[in-house]
Each structure stands twice: as structure tokens, then as C-alpha cells.
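Architecture at a glance
Take a look at the letters that make up each chain.
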Amino acid sequence: QLQASGGGLVQAGDSLRLSCAASGLTFSRYNMGWFRQAPGKERELVAAITWNDGNTYYADSVKGRFTISRDNAKNTVYLQMNSLKPEDTAVYYCAAALMGRQYKYWGRGTLVTVSS
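Now for a description of the structure that goes with this document. (Residues numbered from 1 in each chain as written. Predicted model: local features only at pLDDT ≥ 70, side-chain atom pairs only at ≥ 80, totals over all residues. Heavy atoms only, no water.)

The next subject is the environment of tyrosine 105. Relative to the helices and strands, tyrosine 105 is located in strand β10 (residues 103-106). We classify tyrosine 105 as partly exposed; its relative accessible area is 32%. Along the chain, tyrosine 105 and methionine 32 lie 73 residues apart, while their C-alpha atoms are 9.7 Å from each other. Residues contacting tyrosine 105, with those up to four places away along its chain left out, are Leu2, Leu25, Tyr30, Cys94, Ala95 and Ala96. (Helix = DSSP H or I, 4+ residues; strand = E, 2+ residues; numbered from the N terminus. Buried < 20%, exposed > 50% of the residue type's maximum accessible area, 1.4 Å probe, protein only. Contact = heavy atoms within 4.5 Å.)

Attention shifts here to the side chain of arginine 36. Tracing the sequence through the fold places arginine 36 in strand β4 (residues 30-37). At 3.4 Å, the side chain of arginine 36 and the side chain of serine 61 are in polar contact. A distance of 2.9 Å separates a polar atom in the side chain of arginine 36 from a polar atom in the side chain of aspartate 88. The contact partners of arginine 36, leaving out residues within four places of it in the chain, are Glu42, Arg43, Glu44, Val46, Ser61, Val62, Phe66, Glu87, Asp88, Ala90, Val91 and Tyr92. (Polar contact = N/O pair within 3.5 Å; in protein donor to acceptor, adjacent residues only side chain to side chain.)

Before going further, it helps to examine the nonpolar core. Of all hydrophobic cores here, the largest spans 31 residues; its most connected members are Trp34, Leu79, Met81 and Tyr92. Elements with a contribution of two residues or more to this core: β1 (2-5), β3 (16-22), β4, β5 (44-49), β7 (66-71), β8 (76-81), β9 (90-98) and β11 (110-115). Residues within four places of tyrosine 92 in sequence aside, it is in contact with Leu18, Trp34, Phe35, Arg36, Val46, Phe66, Leu79, Met81, Gly109, Thr110 and Val112. (Core = buried A, V, L, I, M, F, W, Y, C linked by side-chain atoms within 4.5 Å.)

With that settled, consider the environment of methionine 99. With respect to the helices and strands, the residue methionine 99 is situated in the loop between β9 and β10. Methionine 99 has contacts with Arg29, Tyr30, Asn31 and Trp51, leaving out every residue within four places of it along the chain.

The following block contains the structure:
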């Protein structure tokens, strides 16, 4: 089970940190990803972090502004979002993929709204 939190309403230029707490799985063996889905748009992968070496991936639209990290001792993955823009407005989901396979487990999402 994945539980995302930390969303909210902020102004452009502000920061937010999303958290996703995992339970019921061996967290350290899972790639973790943050996805988002804006109204009328397809879900997209925003950032991901590997289970074994901590390598990260970022969508071009968030590079330099967002940082994904994980704390295996707390079974939690984070998404630090800085310099937020109105186009970052979306429901953000965390997901888990066992040892780099397909994302199988999904959280319920947390809404991020960025006003201009």
C-alpha cells in the first residue's frame, strides 16, 4: 500500500514536498516513481529513483526544479518541488515497481494546485 501526502494550494514560485509512505512491501527492492495527471491530459512520469543504486530520472519539464529521494529506513519516497509553476498543477501519484519491472502498486494521489 502506498500513501501519498503533502499536496496543497500554493502560488507560483513556491515549494512543496510530497511524501509517499509504503507498507506491505519490501520497499528497498522497488523502483519508486512519481507520476502526475493534469485535467484533460494523460498521466506522465515526473521523476523516478531506482531501488539498487539510487539513480534518478526526471521529465524535462521538471529538471532542475524537482528532486526525488528515498529513505529506505522509513519506507518513504519524497518529491521536493521548487519553483512551482501553474502548469505543475495536477494530481500526483506515487508508484512502485519491483526491481525495475512495471509499476504495479499505486497510491491514491495528492492534489497540487499552483496559482499564478
